[in-house]
Amino acid sequence: MNSERIEEILSKNGIEQSKELSLALEKILKAYSKDRQHVDNVRQEIQRQDHQDLRRQGIR
C-alpha cells in the first residue's frame, strides 16, 4: 500500500494529514508483508519436507 492511499484512509477516518505518518506506515506495511511472506515460505517448505518424510516411510 502506498503512502497516498494511506493518507486517503487516514483522511476518511478524521486523522489529520501527515506525510511523515503516511510514509512511516507505508514502510511498516512493506516490512510486515516481507516478514509474512518469508514465514509463509518457510511454513510451506516444512510442510513439503514433512510430506516427503511421510512418503519415504510409506505412510502416504
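Computed from a predicted model, the values in this text were never measured in an experiment. (Residues numbered from 1 in each chain as written. Predicted model: local features only at pLDDT ≥ 70, side-chain atom pairs only at ≥ 80, totals over all residues. Heavy atoms only, no water.)

Let's shift gears to the overall build of the chain. Counting its regular elements, the chain contains two helices and zero strands. Relative to the globule expectation of 10 Å for 60 residues, the C-alpha radius of gyration of the chain, 20 Å, shows a markedly less compact shape. Reported as C-alpha extents along the three principal axes, the dimensions of the chain are approximately 60 × 15 × 10 Å. For the chain, the residues scored as buried account for 10% of the 60 residues in total. Surface exposure of the chain reaches about 5200 Å², of which carbon and sulfur atoms provide 51%. (Helix = DSSP H or I, 4+ residues; strand = E, 2+ residues; numbered from the N terminus. Rg over C-alpha atoms; globule rule 2.2 N^0.38 Å. Buried < 20%, exposed > 50% of the residue type's maximum accessible area, 1.4 Å probe, protein only. Areas by Shrake-Rupley, 256 points an atom, 1.4 Å probe, with all protein chains shown as cover.)

A separate point is the side chain of Glu26. Considering the arrangement of structural elements, one finds Glu26 in helix 2 (residues 19-56). Given a relative accessible area of 15%, Glu26 falls into the buried group. Every residue in contact with Glu26, bar those within four places of it in the chain, is listed here: Met1, Asn2, Ser3 and Ile6. (Contact = heavy atoms within 4.5 Å.)

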